[in-house]
Amino acid sequence: MCGEKYLAIDVGGTSIKYAVSDESAEISRVSEIKTRRGEGELFDLLDEIIAPRVNGINGITLSFPGKIDSEKGIVHTAGAFKWIKDLALKSILEEKYTKPAWVENDGKCGALAEFWKGNLSDVKNGVFIGLGTEIAGGIILDGKLYRGSFGSAGEFSSMLGQLKNPDNEERFGKIGGHKNLTVDFRDSYEFFEKYRNGDDAARSALKDYSETIAAGIVTIQSVLDVEKFCIGGGISAEDTLIDEIRKNLKQFFTVKSGEAINEPAIERCRFGNAAGSVGALYNFLVMEKII
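What you are looking at is a predicted structure, and each value in this text was computed from that prediction instead of being measured.

In this section: the confidence of the model for the protein chain. When the pLDDT values of the protein chain are averaged, the result is 92; 96% of them are 70 or greater. Model confidence for the protein chain, summarised as mean pLDDT per element, is weakest for helix α4 (residues 172-176) at 89 and strongest for helix α2 (residues 89-97) at 98.

This next bit is on a positive patch on the surface. Together, Lys34, Arg37, Lys82 and Lys179 give the surface a local cluster of positive charge. Locating Lys179 in the fold gives a position in helix α5 (residues 178-181).

We now examine a nonpolar patch on the surface. A cluster of nonpolar residues, Val286, Ile290 and Ile291, forms a patch on the protein surface that exposes about 220 Å² of accessible area. In this structure, Ile291 sits in the segment after α9 (275-287).

Glancing now at the environment of Glu32. For Glu32, the position within the fold is in strand β3 (residues 31-34). According to the relative accessible area criterion, Glu32 is partly exposed, its value standing at 47%. Sequence spacing of Glu32 and Cys269 is 237 residues, and the spatial spacing of their C-alpha atoms is 19 Å. Setting aside anything within four residues of it in sequence, one finds Glu32 in contact with Ser15, Ile16, Lys17, Tyr18 and Asn273. Only 3.1 Å separates the side chain of Glu32 from the side chain of Ser15, close enough to count as a polar contact.

The next point concerns the packing of aromatic side chains. As enumerated under the stated definition, the model contains six aromatic pairs in all. Judged by centre distance (5.0 Å) and plane angle (90 degrees), the rings of Phe191 and Phe192 are edge-to-face. As far as burial versus exposure is concerned, Phe191 and Phe192 are alike and both buried. Among the aromatic residues, those joined into a cluster by ring pairs are Phe185, Phe191 and Phe192. Lying across the ring of Trp102, Lys90 places its NZ or CZ 3.6 Å from the centre. Above the face of the Trp116 ring, Lys117 is positioned so that its terminal group lies 4.9 Å from the ring centre.

All right, on to the sheet that holds strand β1 (residues 6-11) then. Pairing is mixed in the open sheet, where five strands are placed in the order β3-β2-β1-β4-β7. Of all the strands in the sheet, the pair left with one neighbour each is β3 and β7 (101-105). Pairwise comparison of adjacent strand axes, ignoring direction, gives a mean angle of 20 degrees for this sheet. Sheet strands in contact with helix α1 (residues 39-50) are β1, β2 (15-21), β3 and β4 (60-64), and its direction is about 150 degrees off that of β1.

Another aspect to go through is the packing of helix α3 (residues 106-117) against α9. Two numbers describe how α3 lies on α9: the axes approach to 7 Å, and their chain directions differ by 80 degrees. Accordingly, the angle class assigned to the pair α3 and α9 is roughly perpendicular. Packed against α3, whose contacting residues are Cys109, Gly110, Leu112, Ala113, Glu114 and Trp116, the element α9 presents Ala275, Gly276, Val278, Gly279, Ala280, Leu281, Tyr282, Asn283 and Leu285 at the interface. Partitioned by chemical class, the residues of the contact of α3 with α9 number 10 nonpolar, four polar and one charged.

Taking strand neighbours across the sheet as the criterion, the five strands line up as β10-β9-β8-β11-β12 in an open arrangement whose pairing is mixed. Pairing within the sheet leaves two strands with one partner each, and these edge strands are β10 (144-145) and β12 (265-268). On the sheet, α3 packs against β8 (126-131), β9 (135-141), β10 and β11 (228-232) and is oriented at approximately 50 degrees with respect to β9. Against the sheet, helix α8 (residues 239-253) makes contact with β8, β11 and β12, and its axis sits at roughly 170 degrees relative to β12, the strand it touches most.

Cut-offs and rules
Residues numbered from 1 in each chain as written. Predicted model: local features only at pLDDT ≥ 70, side-chain atom pairs only at ≥ 80, totals over all residues. Heavy atoms only, no water. pLDDT = per-residue confidence, 0-100. Helix = DSSP H or I, 4+ residues; strand = E, 2+ residues; numbered from the N terminus. Patch = residues over 30% accessible without salt bridge, like charges linked within 9 Å, V, L, I, M, F, W, Y side chains within 5 Å. Areas by Shrake-Rupley, 256 points an atom, 1.4 Å probe, with all protein chains shown as cover. Salt bridge = Lys/Arg side-chain N within 4 Å of Asp/Glu carboxyl O. Lys, Arg positive; Asp, Glu negative; His and termini not counted. Charge placed at Lys NZ, Arg CZ, Asp CG, Glu CD. Buried < 20%, exposed > 50% of the residue type's maximum accessible area, 1.4 Å probe, protein only. Contact = heavy atoms within 4.5 Å. Polar contact = N/O pair within 3.5 Å; in protein donor to acceptor, adjacent residues only side chain to side chain. Phe/Tyr/Trp six-rings, centres within 6.5 Å; stacked < 30°, edge-to-face > 60°. Lys NZ or Arg CZ within 6 Å of the ring centre and 35° of its normal. Pairing = 2+ DSSP bridges. Axes fitted to C-alpha atoms, helices over the stretch in contact; angles between N-to-C directions. Parallel < 35°, antiparallel > 145°, perpendicular 65-115°, else oblique. Nonpolar A, V, L, I, M, F, W, Y, C, P; charged D, E, K, R; others polar.

Laid out in structure tokens, this is it:
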């Protein structure tokens, strides 16, 4: 309903982003705090975000990593939060704060945000890829979020880099996470500053990383055959990254291995770092039958 406010929280392995918005999703400011991954620490952080705002909001909605039953609000597994197993997060939050609460997978929230009001709104079939601590993913097929038979569609982090060895560290989530790009630098800010200043190590790292992401896109495209991929996550704000992914993707499609599939468009997410929060808001509005 018009005028009502909702607290949208995007929980990631590195940071937690949050914003208050009405159903228009016009978010002017996304706040951010560093994630602490312990059981008590996570709930302390959520309380730090929710408690000061609870009297001014009409609901709480979360984007969360891992395998999630969005209907029941149960987080079965949660990536970097190793202690989580079958956590009834929706019930916990509703009991503590007496507000309706919903939770959805982070990659699916990214896809929902871009399909609702972002750069997937003009296609029937598209994919969201979030370059974070690992790889978040969400799939839009025939104009709807595709969850799969067990709710795990879009878990691109689990794709194997070595097909003959399932127990290896070359999963897409490991080699495509943003830390694999900046491993020899203090953080992404230092990395891109050095890149812009012509640092050879940074330029080589971006080339290798972009090839990895482009290869992952080719693999996904060979299965889904979509019109467009939207790239999100904090590092997606850098034009050079998007340009390098496009360039490397085109190279895949100029060789024989790319003849059987169509090259998709590549765009940055409209909502950038706010995609998880916006998608979580959309999920809340749908679940509460507000839209």
